[in-house]
Amino acid sequence: MLAVETSRMRTIQLEYRRQGLRLGESIEMKVIVDLCVVPMGVGVSVSKYVAECQKVLQEAGLEHQLHAYGTNIEGEWDAVFAAIKRCHERVHAMGAPRITTSIKVGTRTDRDQTMQDKIDSVTDGNL
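Residues numbered from 1 in each chain as written. Predicted model: local features only at pLDDT ≥ 70, side-chain atom pairs only at ≥ 80, totals over all residues. Heavy atoms only, no water.

**Some points on helix α2 (residues 47-59)**
In step 1: Across its 13 residues, α2 extends 18 Å between first and last C-alpha, which sits within 8% of the 18 Å expected from 1.5 Å per residue.
In step 2: Following α2 by one or two positions, G61 adopts a phi angle in the positive range, close to 70°. (Helix = DSSP H or I, 4+ residues; strand = E, 2+ residues; numbered from the N terminus. Expected span 1.5 Å × (residues − 1).)

This is the structure in C-alpha cells:
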C-alpha cells in the first residue's frame, strides 16, 4: 500500500513540475463527472429540470452526454463544478425547494482522456 501511495505522490509531483507549479498551488485538472441532479418536491416528472441543466452545460461549452439516469460531463475541474452549481441555482429558480445530487468524479494526471476514449477502450477491446 505504501509503495502505491509513494508512486502516486511521485506522479502528482511530476505533474506539478510539468505545469511549472509548486506543491500546494492549484493545477489545471481535467475531470470526467457522472452527474445526477434530482429535484425534490416537484412531482414525478423531472424532465424539464434535466433539460434546464442540459442548457447550463451547453452554455458553459462543456462536452456532455445524457444517459438514462444522469449526464456525463468532461472539462476543466473549475468549469465543470461551476456548471453544476449553476444547475442547482437554475433548478431552485424553477421552483424546486430541494435537490439531491449524486456525483462520481474521475481525474487523471498521467494523460488526457475523454469520455469517448473511455468508451472506445471497452468497445474496441471486446469486439
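Now that the structure has been shown, we can carry on.
**Here's the deal with the environment of H88**
In step 1: Structurally, the position occupied by H88 is in helix α3 (residues 77-93).
In step 2: According to the relative accessible area criterion, H88 is partly exposed, its value standing at 21%.
In step 3: The contacts of H88, once residues within four sequence positions are left out, are I99 and T101. (Buried < 20%, exposed > 50% of the residue type's maximum accessible area, 1.4 Å probe, protein only. Contact = heavy atoms within 4.5 Å.)

**Some remarks on the pattern of salt bridges**
Should the charged atoms of two oppositely charged side chains come close, the side chains can pair.
In step 1: In total, this model carries six salt bridges according to the counting rule given.
In step 2: In this structure, the salt-bridge partner of R90 is E52, at a minimum N-O distance of 2.8 Å. Taken as a pair, R90 in helix α3 and E52 in helix α2 lie far apart in primary sequence, 38 residues in all.
In step 3: Given a relative accessible area of 27%, R90 falls into the partly exposed group.
In step 4: D110 is the salt-bridge partner of R108, the closest N and O atoms lying 2.6 Å from each other.
In step 5: Here R108 falls in the partly exposed class, since its relative accessible area comes to 34%. (Salt bridge = Lys/Arg side-chain N within 4 Å of Asp/Glu carboxyl O.)

**Concerning the side chain of Q54**
In step 1: Along the chain, the position of Q54 falls in helix α2.
In step 2: Filtering out sequence-adjacent residues up to four positions away, Q54 remains in contact with H64, L66 and T71.

**Things to note about the sheet that holds strand β1 (residues 30-40)**
In step 1: Taken in spatial order, the four strands make up an open sheet running β2-β3-β1-β4, and their pairing is antiparallel. Where the open sheet ends on each side, the last strands, each with one partner, are β2 (63-67) and β4 (98-107). On average, adjacent strands in this sheet sit at an angle of 20° to one another, irrespective of strand direction.
In step 2: Two elements, β2 and strand β3 (residues 70-76), share five bridges in a ladder whose sense is antiparallel. Bridged to H64 within β3 is I73.
In step 3: Contacts from α2 reach β1, β2 and β3, with the element oriented near 165° to β2.
In step 4: Strands in contact with α3 are β1, β3 and β4; relative to β4, the strand with the most contacts, it is inclined by about 170°. (Pairing = 2+ DSSP bridges. Axes fitted to C-alpha atoms, helices over the stretch in contact; angles between N-to-C directions.)

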